[in-house]
Amino acid sequence: MTSHDAEVRALLDSRVEACRAKDIDRLMSHYSPDIVYDDVVPPLQFAGLDEVRGNFVRWFDEYEGPIGLETHHLTLVTSGDVAYAHMLHLDSGTRKNGVHAAIWVRSTVCCRRSGDRWLITHEHISVPIDPRTMQAWFAPVA
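Computed from a prediction, not measured in an experiment: that's the story for all the values here. (Residues numbered from 1 in each chain as written. Predicted model: local features only at pLDDT ≥ 70, side-chain atom pairs only at ≥ 80, totals over all residues. Heavy atoms only, no water.)

K.L.:
What should I look at first to understand helix 3 (residues 48–61) in this one?
P.N.:
The periodicity of an α-helix, 3.6 residues per turn, causes residues three or four positions apart to be oriented the same way. Here helix 3 spans 20 Å end to end across 14 residues, near enough to the 20 Å set by a 1.5 Å rise per residue. Turning to helix 3, its buried residues are Gly 48, Val 52, Asn 55, Phe 56, Trp 59 and Phe 60. Taken down its axis, helix 3 places every buried residue within 140 degrees of arc, on the same side. Residues of helix 3 that are buried make contact with helix 1 (3–21), helix 2 (24–28), strand 1 (31–38), strand 2 (45–47), strand 3 (68–79) and strand 4 (82–94). (Helix = DSSP H or I, 4+ residues; strand = E, 2+ residues; numbered from the N terminus. Expected span 1.5 Å × (residues − 1). Buried < 20%, exposed > 50% of the residue type's maximum accessible area, 1.4 Å probe, protein only. Arc of directions from axis to C-beta. Contact = heavy atoms within 4.5 Å.)

K.L.:
When you look at unusual backbone geometry in this model, what are you seeing that I'm missing?
P.N.:
For residues that are not glycine, phi is negative in most cases, and the peptide bond is trans in most cases. Cis geometry marks the peptide bond from Pro 42 to Pro 43; its omega dihedral reads 10 degrees. Checked against the element boundaries, Pro 43 lands in the loop between strand 1 and strand 2. At Lys 22, a residue that is not glycine, the phi angle is positive and equals roughly 55 degrees. Among the secondary structure elements, Lys 22 is positioned in the loop between helix 1 and helix 2. You can call Lys 22 partly exposed: its relative accessible area is 25%.

K.L.:
Is there a simple way to explain the packing of aromatic side chains in this structure?
P.N.:
Here the structure, examined in full by the defined rule, presents six aromatic pairs. Note on Tyr 31 and Phe 56: the rings are 5.7 Å apart at their centroids and 50 degrees apart in plane angle, and the pair reads as tilted. Taken as a pair, Tyr 31 in strand 1 and Phe 56 in helix 3 lie far apart in primary sequence, 25 residues in all. Overall, the relative accessible area of 3% leaves Tyr 31 in the buried class. Their ring planes at 35 degrees and their centres at 6.3 Å tell us that Phe 56 and Phe 60 sit as a pair that is tilted. Linking Phe 56 with Phe 60, this pair stays in helix 3, spanning four residues, or about one helical turn. Taking relative accessible area as the criterion, Phe 60 reaches 5% and is therefore assigned buried. An aromatic cluster of at least three residues, connected via ring pairs, comprises Tyr 31, Tyr 37, Phe 56, Trp 59, Phe 60 and Tyr 63. (Phe/Tyr/Trp six-rings, centres within 6.5 Å; stacked < 30°, edge-to-face > 60°.)

By themselves, these observations are geometric and do not establish any function.
Printed below as a string of structure tokens:
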């Protein structure tokens, strides 16, 4: 593992910890001002810190208490001042309606190093669909 790999892993770990704690300021500190964030919810793409922040606040507000977020199957590639990672996340917790739910999502994250800091410049979240029903496919939680 290179030092860049370790730095980007630390960024991704801190991002997950901030999500679990619903710490919006810490979370947003990991994103570039020109972030483009593709999500599974309308309007599908959020651009810039203000839009991305609003989307995260919306997500945080869906949960009563902390969010369970586990990273699985992380693959990371760094080269010079750019990094690319893809992983699965298990997103779980108790929703405001009292229902405890868990969902697997796919995540791809692109980062760029500026000076001595890595920042996320693009993130893409997706949920698989069942092509027969065109409905979201929810993988079993082990």
